[in-house]
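Tertiary structure, described
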Protein chains: 2
Amino acid sequence: MTGRTSKQQGRPRRQSGDVRLADVAAAARVSAPLASRILNADPLVRATPETKARVLEAAEQLGYVPNIAAKTLRQRRTGLLGLVVHNLSSPIYLDLLQGARTEAAANNYFLVLGDVDELLTDEEAYRILVNGKRVDGLIVQGGHGEFDQHIAEIARALPTVIVNAPPKLTGTVAPLVAPDEGAATRMLTEYLLALGHTRIGLISGPYESPTNVLRTNGVREALAEAGAILREEDTVHLTWSAEAGRAGLRELATRWDGPGDRPTALIGGNSLIGIGMLRAAAELDIAVPAELSIAAVHDTWISEHLVPSLTTVSLPLREMGETAVRLLLSEPPRARQTIISDPPPRLHVRASTAAPG
Amino acid sequence: MTGRTSKQQGRPRRQSGDVRLADVAAAARVSAPLASRILNADPLVRATPETKARVLEAAEQLGYVPNIAAKTLRQRRTGLLGLVVHNLSSPIYLDLLQGARTEAAANNYFLVLGDVDELLTDEEAYRILVNGKRVDGLIVQGGHGEFDQHIAEIARALPTVIVNAPPKLTGTVAPLVAPDEGAATRMLTEYLLALGHTRIGLISGPYESPTNVLRTNGVREALAEAGAILREEDTVHLTWSAEAGRAGLRELATRWDGPGDRPTALIGGNSLIGIGMLRAAAELDIAVPAELSIAAVHDTWISEHLVPSLTTVSLPLREMGETAVRLLLSEPPRARQTIISDPPPRLHVRASTAAPG
DNA sequence: CTGAAAGCGCTTACAG
DNA sequence: CTGAAAGCGCTTACAG
């Protein structure tokens, strides 16, 4: 116990257990820079294998882990990516989050969570995240009017990738990662047409929302190809929620007079809407799929557990998260093109759809 | 353009837009330390209001945002908290995540996301998060055999709070934030008893899991108080998934011979199980709630949109997240007591329960 | 190719 | 109470 170590009796300057690069270097009898280069596998290093082994072993034995703050200060790289979304509670974006997190982890990056509404109200948080060099890049979810106005500003301060783009910003401010929305609803519509449905309706989100425009167009295109149209009267646009899906179908049903005067299949603009539609159908005693087929965009974990289980088309959300991270970590990250995420939408046929009665 | 500034013509040493504390100090004609103290509202500072205003204004005008890496290196405080959970896709823990995120943000902290399984397989990620001083503290979700073995080690390296505790670690290794599991199932059982049910069954997660033990005990206690018991034959223990809830009810149903020989109400160990039970009931043509009442632990967003909507008891997950963060940020954070999160469970009566037929 | 020196941008004992 | 100096722990031009 007699002072061979540098531990001081009074106040220890750092908590025990803290091992610095200098400690590793000393233990391996090399300089700190050389230790740094060996530990970081610098290819220019010509040290003998023995020396390298000595350094690696010393690091291992001392349990050395580099201090990230010091690295960051020196290299201007935090190893952190921010993910700023609207509504974490929505099951829809969990897959995107998972994809982003997995891909980040594969590159030894971690994800920091931000909330759009909070960033809008908490100026301090905004500055820390956007201007404080807290993260190396940001994945932001567009489509929120007030927030969209800030995206250009954010993209100027930090490498940024947009998911779920607002139309004005598309391809002009930062790369956009988006799925092929039109293909998704086209696929759903073609599937229903193939089943024999000829009159197909739609309950979706706000009419002017960019996502709705794309999804509605997909329905229209598929119908047009089959020589049919999307009738105004078979359409309701409210919000993207389950409650809206329920209200939407109730609204549609009030328009139905005779038994033949109604669509035989309905598409829900997203899975929440689809869930609400299923509920309204049950409440209105409309048999699904016997009297009415129901299908929706987005395949979430709940789809197969509903009664009846819900036919859906899944968008490659996980892959979008991965792509967003990959773009952020690639050089140069500021490419301005629009990236449609690759795997095409995929159909999940379940019990809520069938040939028309 | 003639050299009053320190900008060099050749390679700029830092990207434009980067403002350092020194720049603010120079603009305000004070020393950097004084500027630091004023910006951080050090109460010992006696500078004149004019001086203070000058510094604040200079910071504002230059758009100064402190470099977090430098602060962290100096103060040994990252402003980051890690949240390590098992299964982000589960709707159950989203509320916990939200609560933690909100409370963290209120203290100008951000949340970093970790995944238990990934941390177990990726040694590098584990070291970075646990030993790399990447975060100031960790909220870890227990109840995962392999991971539980690491929790003590983690708690030794970093301020740690456990949620969803493994029994061995409870109160011995780090503070535990847990809801009153027993009270939740007791409440559900008492409600069903009050409706007139006398034979109540249970489909829950793995028998030996600590959470299941607590929840099952709650059912037993409430039944005992009413002079009833939880019959072995009315019980199935599989996993915590919707699939297990479905399989569980199917299994129970095979045990029912005569029409009178069955429970009139069933409790699902969590909301996923409850969802699966609802599905199995529909598949088996068991009318809910006419023939069988179904209720479950955890109130998620989907509960009210199911058909029939699901009666649940909600645990204070949001508050647990908040409490966990508050503990981590309070001094000393290493208190070893068990913290039962405060608001008691709350009953949400919906359409899946009724008086026995 | 390696080592000694400098420096990333802050904050905080330490002198005055 | 304020300022000059030191130092947090790294990495990287820069000399040798």
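Here the structure is a predicted model, which means the values were calculated and not measured. (Residues numbered from 1 in each chain as written. Chains lettered and ligands numbered in written order. Predicted model: local features only at pLDDT ≥ 70, side-chain atom pairs only at ≥ 80, totals over all residues. Heavy atoms only, no water.)

Right, let's get into the pattern of salt bridges. In the structure shown here, the tally under the stated rule is 34 salt bridges over all chains. A salt bridge links Arg 246 of chain B to Glu 243 of chain B; the shortest N-O distance between them is 3.3 Å. Residue Arg 246 of chain B and its partner Glu 243 of chain B are located together in helix α11 (residues 242-254), separated by three residues, close to a single helical turn. In the salt-bridge network here, residues are joined through shared partners; they are Arg 199, Arg 231, Glu 233, Asp 234 and Asp 261 of chain A. (Salt bridge = Lys/Arg side-chain N within 4 Å of Asp/Glu carboxyl O. Helix = DSSP H or I, 4+ residues; strand = E, 2+ residues; numbered from the N terminus.)

So, on to the sheet that holds strand β2 (residues 110-115) of chain A. As summarised here, the arrangement of the twelve strands in space is β11(A)-β5(A)-β4(A)-β3(A)-β1(A)-β2(A)-β2(B)-β1(B)-β3(B)-β4(B)-β5(B)-β11(B), forming an open sheet in which the pairing is mixed. What marks the edges here is a single partner per strand, and that holds for β11 (338-340) of chain A together with β11 (338-340) of chain B. Looking at each pair of strands side by side, their axes are set apart by 25° on average, direction ignored. Here strand β1 (residues 80-85) of chain B pairs with strand β2 (residues 110-115) of chain B via six bridges, running parallel. Counterpart to Leu 80 of chain B in the pairing with β2 of chain B is Phe 110 of chain B. Set on the sheet, helix α5 (residues 94-106) of chain A makes contact with β1 (80-85), β2, β3 (137-141) and β4 (160-163) of chain A together with β2 of chain B; between it and β2 of chain A the angle comes to about 150°. (Pairing = 2+ DSSP bridges. Axes fitted to C-alpha atoms, helices over the stretch in contact; angles between N-to-C directions. Contact = heavy atoms within 4.5 Å.)

To continue, consider the nonpolar core. The biggest cluster of nonpolar side chains holds 52 residues, and the ones touching the most others in it are Val 84, Leu 129 and Leu 138 of chain A together with Val 84, Leu 129 and Leu 138 of chain B. Core analysis: the second largest hydrophobic core is formed by 51 residues, Leu 88, Leu 317 and Leu 328 of chain A together with Leu 111 of chain B among them. (Core = buried A, V, L, I, M, F, W, Y, C linked by side-chain atoms within 4.5 Å. Buried < 20%, exposed > 50% of the residue type's maximum accessible area, 1.4 Å probe, protein only.)

Turning our attention to the protein's contact with DNA strand D. Of all residues adjacent to DNA strand D, which total 26 residues, the nearest are Leu 21, Ser 36 and Arg 74 of chain A together with Arg 46 and Arg 76 of chain B. Among the atoms of DNA strand D lying within 4 Å of the protein, the sugar-phosphate backbone contributes 70%. In this structure, a base nitrogen belonging to DNA strand D sits 3.4 Å away from a main-chain N or O atom of Ala 70 of chain A. The separation between a base nitrogen of DNA strand D and a polar side-chain atom of Arg 74 of chain B is 3.4 Å. In terms of residues, the surface near DNA strand D owes the most to one element, helix α4 (residues 68-75) of chain A, which gives four residues. (Near = heavy atom within 4 Å. Polar contact = N/O pair within 3.5 Å; in protein donor to acceptor, adjacent residues only side chain to side chain.)

Residues and elements named next belong to chain A. With 13 residues, helix α11 (residues 242-254) should cover 18 Å at 1.5 Å per step; its first-to-last C-alpha distance of 19 Å lies within 8% of that length. Regarding α11, the residues found buried are Ala 242, Ala 244, Gly 245, Arg 246, Gly 248, Leu 249 and Leu 252. The inward-facing, buried residues of α11 abut β6 (200-204), β7 (235-237), β8 (265-268) and α12 (271-283). (Expected span 1.5 Å × (residues − 1).)

As a further point, take the domain arrangement of chain A. All names here are of chain A. On domain assignment, one finds that chain A holds domain 1 (21-74), domain 2 (77-179 + 318-340) and domain 3 (181-314). When each unit is reduced to the centre of its C-alpha atoms, the spacing between domain 2 and domain 3 is 30 Å. Each partner contributes to the interface: domain 2 provides seven residues, whereas domain 3 provides ten residues. On the domain 2 side of the interface with domain 3, the three residues burying the most area are Pro 91, Ile 92 and Pro 179, jointly 67% of the side's total. In this assembly, domain 2 and domain 3 are joined by zero salt bridges. Linking domain 2 to domain 3 there are one residue pair in polar contact (both at pLDDT 80 or more). Looking at the side of domain 2 that touches domain 3 residue by residue, the class counts come to five nonpolar, one polar and one charged. (Domains from an automatic or database assignment. Buried area = accessible area lost by both parts, 1.4 Å probe. Nonpolar A, V, L, I, M, F, W, Y, C, P; charged D, E, K, R; others polar.)

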